[in-house]
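# Geometric and topological summary
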Amino acid sequence: MELLPWARGLAEQLLAKPLPRRWAHSQGVGHLAELLADILGQDAEILAAAAWLHDIGYAPDLAKSGMHQLDGARYLRDVEAADPRLCSLVAHHTCASIEARLRGMDAILEKEFPPVGGLLDDALTYCDMTTTPNGELTAAKDRLAEILYRCADETIVAEAMTEATPLIFEAVARVSALIHR
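The residue numbers shown here count from 1 along each chain, following its written sequence. With pLDDT at 70 or above as the cut-off, local features in this predicted model cover only qualifying residues; side-chain atom pairs require 80 or more to be listed or tallied, and sums for whole chains, interfaces and linings still use all residues. Derived side-chain values reflect all non-hydrogen atoms in the structure, with water molecules and hydrogen atoms excluded from consideration.

## A short note on the overall build of the protein chain
Rules: In this description a helix means any DSSP run of H or I spanning at least four residues, a strand means any run of E spanning at least two, and both kinds are numbered starting from the N terminus. Radius of gyration: over C-alpha atoms. The globule rule applied is 2.2 Å multiplied by the number of residues raised to the 0.38 power. A 1.4 Å probe rolled over the protein chains alone gives each residue an accessible area, and that area as a share of the maximum for its type sets the label: buried under 20%, exposed over 50%, partly exposed in between. Whether two residues are in contact is decided by their heavy atoms, any of which lying within 4.5 Å being enough. Accessible areas in this description were obtained via Shrake-Rupley with a 1.4 Å probe; residue shielding takes into account the shown protein chains only.
Across its full length, the protein chain holds 11 helices and 0 strands. In the protein chain, the order of α-helices and β-strands from amino to carboxyl end is α-α-α-α-α-α-α-α-α-α-α. Taken over the C-alpha trace, the protein chain has a radius of gyration of 15 Å; the compact-globule value for 181 residues is 16 Å, and the two agree within 12%. Referenced to the eigenvectors of the C-alpha coordinate spread, the extents of the protein chain come out at roughly 40 × 35 × 30 Å. Per-residue burial for the protein chain yields a buried fraction of 50% across its 181 residues. Within the protein chain, counting contacts between residues at least 6 apart in sequence, those at least 24 apart form 68% of the total. Working note: accessible area of the protein chain is about 8,600 Å², and carbon and sulfur atoms make up 55% of it.

Set out below in structure tokens:
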């Protein structure tokens, strides 16, 4: 099995019909991650796969815990027998550990999926936070504003994203610096 065709196909299967806007976002995030291959070297493929799959936990058949990051990672681990690093990238994408802490699920997240960190984590955050819900490129500040507006009624998500804002901006800045070298 080639990792990228599998990841694209699985994300499409899980998101395209039930959640077309989430699928559009995932396509944009996946395509952007593929463009970062030069700065990621041997980790380019796993980043791109994680980007395509990062939001599969929103799929109606997968959503169980209240945290899409954890639900997606569990599906990848338990059903797809995916690479543990891929599962961890999905589980921790875009500062998910903050949301997990606010939900009282941080110990579960950390035990099941150790964080990957480093450039891979930064690059996935960059791709997610510079892609609109429609799959178009945007500035991270505009994407954060959109999330906070859309999730205003979801107190924990809004609180987590507010707390994560400086970390997101730092990750985006680090990846942007590598792109523009």
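So, next bit.
## As for the packing of aromatic side chains
Condition: Here the aromatic set is Phe, Tyr and Trp, taking the six-membered ring for Trp, and pairing holds for ring centres within 6.5 Å; pairs whose planes are under 30 degrees apart are stacked, those over 60 apart are edge-to-face, and all others are tilted.
Counting across every chain of the model gives 1 aromatic pair. Seen in terms of ring centroids, Trp23 and Trp52 are 5.9 Å apart; in terms of plane orientation they differ by 45 degrees. Their pairing is tilted. One end of the pair, Trp23, is in helix α2 (residues 20-35); the other, Trp52, is in helix α4 (residues 44-53), with 29 residues separating them in the sequence. By relative accessible area, which is 12% here, Trp23 ends up buried.

## Side note on unusual backbone geometry
The phi torsion at Ala81 lies on the positive side, around 50 degrees, for a residue other than glycine. Along the polypeptide, Ala81 turns up in the loop between α5 (68-78) and α6 (84-92). A positive phi angle is found at Cys95, which is not glycine, with a value near 60 degrees. When you line up the elements, Cys95 lands in the loop between α6 and α7 (96-102).

## Side note on the nonpolar core
Our working definition: Think of a nonpolar core as a cluster: buried Ala, Val, Leu, Ile, Met, Phe, Trp, Tyr and Cys residues, connected wherever their side-chain atoms sit within 4.5 Å.
Of all hydrophobic cores here, the largest spans 61 residues; its most connected members are Trp6, Leu53, Ile56, Leu76 and Leu86. Tallying contributions element by element places α4 first for this core, with 9 residues. Residue contacts for Leu76: discarding those within four places in its chain leaves Trp6, Leu10, Leu53, Ile56, Ala81, Ala82, Cys87 and Val90.

## Regarding the environment of Ala96
In this fold, Ala96 is placed in helix α7. Residues Ala96 and Met161, 65 residues apart in the sequence, show an inter-C-alpha distance of 9.1 Å. The residues touching Ala96, leaving out its near neighbours within four places in the chain, are Met67, Gln69, Ala91 and Leu109.

## Some details on the side chain of Thr132
Along the chain, the position of Thr132 falls in the loop between α9 (118-129) and α10 (140-150). Looking at Thr132, the relative accessible area reads 16%, which means it is buried. Among all residues touching Thr132, those that are not within four sequence positions of it are His25, Leu137, Thr138 and Arg143.

## Thoughts on the side chain of Asp128
Looking at the secondary structure, you find Asp128 in helix α9. In contact with Asp128, not counting residues within four places along its chain, are His25, Val29, His54, His93, Thr94 and Arg143.

## Regarding α6
We apply this condition: Under the rule applied, a polar contact is a pair of N or O atoms within 3.5 Å (in protein, one hydrogen donor and one hydrogen acceptor; residues adjacent in sequence only if both atoms are side-chain atoms).
Buried residues dominate α6, accounting for 7 of its 9 residues. Listing the buried residues of α6 in full gives Leu86, Cys87, Ser88, Leu89, Val90, Ala91 and His92. Tucked inside the fold, the buried residues of α6 contact α1 (3-15), α4, α5, α7, α8 (106-112) and α9. Where α6 begins, one side-chain oxygen reaches toward the backbone nitrogen of Arg85, 2.6 Å away; that side chain belongs to Asp83. Once α6 ends, the next one or two residues include Thr94, with phi positive near 50 degrees.

The analysis is restricted to geometry; functional conclusions fall outside its scope.
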